[in-house]
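These are the residues of each chain, in order.
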Amino acid sequence: MEFPEQPTSPERVFSGVQSTGNLHLGNYLGAIVKFVELQNNYDCLYCVVDLHAITVPQDPIALRNNTREIAAAFIACGIDPKKNIIFNQSQVPEHAELAWVLNCVARIGWLNRMTQFKDKAGKDRENASMGLLDYPVLMAADILLYRATHVPVGEDQKQHLELARDIAQKFNNDFAQSIVRNGYDGGVFFPLPEPLISGPATRVMSLRDGSKKMSKSDASEYSRINLSDDADQIAQKIRKAKTDPEPLPSEEKGLEARPEANNLVGIFAALSGRAKSEVLKEYGGANFSTFKNALVDLSVAKLSPITAQMRRIREDDGYIDQVLRDGSDRARAIARENMNAVKDIVGFLR
Ligand code: TYM
């Protein structure tokens, strides 16, 4: 029997952001800034993950609004929707379809170890949605559906990325013979996706508590800078940010037991495209009021144009919907082809 020879898959970037409100500085510095950089060197797909959003209850009107808000943020931050694929997950049904197949590959024990599930489900785990437990399998499906090779994310997604690699590996092993029969070189169908987690702001912390991650769901507005904040709000939040009584150290080592100082210096470094050590060379010995003034100026200079652009884009929801429809069509063309291959490998008739 002649086996078809399949082309090896290209290097490809995939990442996603949930369509829940309050896109913040952590999302921007930990993920979206990287998305923008990567578009110069890779084929990139950037997805608004609305299927993930409904793992906790969402108001339908707010959900639609938030999906558009994230898409607008992608474009306002500099992602070119023509060069890259910007889309929302629910318009490409193959995400859910592949997730089902991968559910049968992933092990319950693997999912039970996910720290994000434990955090989000809290004490009342029995009452969490099935989707919340299954969340990382859908995330693996997002990535593997496009046979993506690189995934830019913040530090908090590292464990989910490791799981995605484990699932890819187990699929490749479980179906090794069938993968070879279907013409894939070396019996590998899914590449093991490489997490891209680097720079001074992979884990931006709350402005109120340097031991807690900056998050969309924190009840305190003062804990985070939202991409929708105006200059006054940014200034107020930074001025109120928790600090300690010491002046800034001159070297990075001096930040070790000072989580709030470390966080603000990390934010400064990431916004200015410098290393923390360089920032400390300039501000070592300065007190926080001086440093905070400089951080306010820098943050406003960097974020205000994005906020303004987001507002302009949001005035034309028809345009955003068109970008997402067009992106979904382009994503679907890749998704369908890979899903057909998965069906052949697994043994489904089509
Ligand atoms: P989400 O929507 O919670 O966050 C979007 C991105 O922002 C990063 N991030 C942070 N980075 C630094 N500091 C912080 N405080 C901070 N908070 C959030 C996240 O790491 C993420 O990169 N599960 C994902 C969405 C997802 C996905 C995917 C990502 C679904 N499918 C496939 C990559 C590939 C999430 O909830 O991100």
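> Honestly, the packing of helix 10 (residues 231-240) against helix 13 (residues 288-314) in this entry has me stumped. Any pointers?
When two helices pack together, their arrangement is given by the angle between the helix axes and by the axis-to-axis distance. In contact at an axis separation of 9 Å, helix 10 and helix 13 are set at 150 degrees when each is read in the N-to-C sense. Judged by the inter-axis angle, helix 10 sits roughly antiparallel to helix 13. In this structure, helix 10 meets helix 13 at a crossing whose hand is right-handed. Here A231, I234, A235, I238, R239 and K240 of helix 10 lie close against helix 13, whose contacting residues are K292, N293, L295, V296, S299, V300, L303 and S304. Taken together, the residues of the contact of helix 10 with helix 13 sort by class into eight nonpolar, three polar and three charged.

> I'm lost on the nonpolar core in this one. Help?
Across soluble globular proteins, nonpolar side chains have a tendency to be buried as a group. Counting 60 residues, the largest nonpolar core has L25, Y28 and F74 as its most contacted members. By residue number, the principal contributor to this core is helix 13, which donates ten residues. In this view, Y28 contacts V33, C77, L227, L271, L303 and I306; residues no more than four positions away in its chain are not counted. Core analysis: the second largest hydrophobic core is formed by 49 residues, V101, L132, V151 and Y184 among them.

> I would appreciate a short explanation of the packing of helix 7 (residues 130-145) against helix 8 (residues 158-174) in the present structure.
At their nearest, the axes of helix 7 and helix 8 sit 9 Å apart, and the two run at 65 degrees to each other. Regarding the angle of helix 7 to helix 8, the classification is roughly perpendicular. Pair helix 7 / helix 8 crosses with right-handed handedness. When helix 7 is examined against helix 8, the residues Y135, P136, V137, M139, A140, I143 and L144 are found in contact with a partner set consisting of H160, L161, L163, A164, I167 and A168. Its residues assigned to classes, the contact of helix 7 with helix 8 comprises twelve nonpolar, one polar and no charged.

Definitions and limits used
Residues numbered from 1 in each chain as written. Predicted model: local features only at pLDDT ≥ 70, side-chain atom pairs only at ≥ 80, totals over all residues. Heavy atoms only, no water. Axes fitted to C-alpha atoms, helices over the stretch in contact; angles between N-to-C directions. Helix = DSSP H or I, 4+ residues; strand = E, 2+ residues; numbered from the N terminus. Parallel < 35°, antiparallel > 145°, perpendicular 65-115°, else oblique. Left-handed = near helix turned anticlockwise from the far one by under 90°. Contact = heavy atoms within 4.5 Å. Nonpolar A, V, L, I, M, F, W, Y, C, P; charged D, E, K, R; others polar. Core = buried A, V, L, I, M, F, W, Y, C linked by side-chain atoms within 4.5 Å. Buried < 20%, exposed > 50% of the residue type's maximum accessible area, 1.4 Å probe, protein only.

In short, shape yes, function no, at least from these values alone.
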